[in-house]
Amino acid sequence: MNSSSRKHSWPPLASIGALRLRAKLYSSIREFFAQRDVLEVDTPSLSFATTTDPNIHSFTTEYLHTGDSSGQVLYLITSPEFHMKRLLAAGSGSIYQLCHVFRQSELGTQHNPEFTMLEWYRVGIGYQELMKEVAELVMLLLNRELNEPEYLTYQEAFQRHAGIDPLTAALEDLKQLAQQAGLSISVDSQDDKDLYLDFLMSQLIQPRLGAGRLSFVYEYPASQCALARIAPQNAQVAERFELFVEGTELANGFHELADSDEQLRRFHAEQHKRELLGITSVNMDQNLIDALHAGLPDCSGVALGVDRLIQFIGSKESLNDVLAFPFNHA
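Think of each chain on its own: its residues are numbered from 1, step by step along the sequence as written. Only residues with pLDDT of at least 70 are given local features in this predicted model, and only at 80 or more are side-chain atom pairs given and counted; all residues enter the totals for whole chains, interfaces and linings. The side-chain figures draw on all heavy atoms in the structure; neither hydrogens nor water molecules are used.

Engineer: Hey, could you go over the sheet that holds strand β3 (residues 60-63) for me, with residue numbers and the actual values?
Structural biologist: Across the sheet, three strands lie side by side as β2-β4-β3; this open sheet has antiparallel pairing. The open sheet has two edge strands, β2 (46-47) and β3, and neither has a second partner. By definition, two strands form a pair when at least two bridges between them are found by DSSP. We count a stretch as a helix when DSSP gives it H or I for four or more residues in a row; a strand needs E for two or more, and each element gets its number in order from the N terminus. In this sheet, strand β4 (residues 72-76) lies alongside β3 in antiparallel orientation, the contact comprising four bridges. Pairing of Tyr63 across the sheet is with Gln72, part of β4.

Engineer: An account of the pattern of salt bridges is requested, with residue identities and associated values reported.
Structural biologist: The working definition used for a salt bridge is a side-chain nitrogen of Lys or Arg within 4 Å of a carboxyl oxygen of Asp or Glu. Tallied over the full model, the rule gives 14 salt bridges. Of the charged contacts, one joins Glu150 and Arg160 as a salt bridge, the two residues approaching to 3.5 Å between their closest N and O atoms. Of the two residues, Glu150 sits in strand β7 (residues 150-153) while Arg160 sits in helix α5 (residues 154-161), which places them 10 residues apart along the sequence. Only protein chains enter the accessibility calculation, which uses a 1.4 Å probe. A residue is then buried if its area is under 20% of the maximum for its type, exposed if over 50%, and partly exposed in between. For Arg160, a relative accessible area of 52% gives the class exposed. Note that Glu172 is salt-bridged to Lys175, the shortest N-O span being 3.6 Å. With a gap of three residues between them, Glu172 and Lys175 both fall in helix α6 (residues 171-180), about one helical turn apart. The structure contains a network of salt bridges with shared partners spanning Arg36, Arg122, Glu133 and Glu136.

This is the structure:
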């Protein structure tokens, strides 16, 4: 980088006003949880294990012991979830955390490889009750008039906005609809139903959600929910929800899976899928499995993208406008 480029790249991209807005939101978030006796915690950014989700790609680094030529592989966390569940299993009670998380291959107007996540877990409440609390917090932070939140099942959202039932539709029908919606990859050899559902969700459903209100979509297909409990009334779906505002996803929550054997089975299934897709395998979190085996209390949890929320509140076109030093200026 030449001196001319350095001269123009040193200042923060976010305005001082945007930085003040962030500080105000952090204060409001902490007050919200203090009033509810939810404990703020702090967990590591480096971990010996990471998510096995083939759709999430972790940053890796290594720790070099003195005199060693090769070191211990470590991952930058993609979420504080696994560490926070270990605290829950140890008896922490309801907890929350504001932290930086890191994900590869995420850069754009609504993505930055390093971003701020608010994650919290409420002991003894179901995911539908947690949706209400998420709505309460987000409405408080938005501080604007909106219509009453809407709550749609994943099935209802697809039927309303895409004219198809995602739980019963044949794979060929999903392929055809995805092609009509502009899917550019070859579908001839692709038999992963969730690939087409994810594409249709992003292209046909999500842009229509959250117009003038908070939109919650819940009961996602069980195949898309490796960390959530299966719904007792319908094994096709899991107790997972997402929150959308003006077509943007803000939060993702679950009634948390507490069965250690089932969680391990799902981790292995994801590792196998990574292998089929030619994605490097990762270290599974055995500490999480042990914590679940010791006993995770019945709880629901949610992760909320703070930067996107600030972007929405400030009516900014890009995350770069609310980050002091985004990726290209870090």
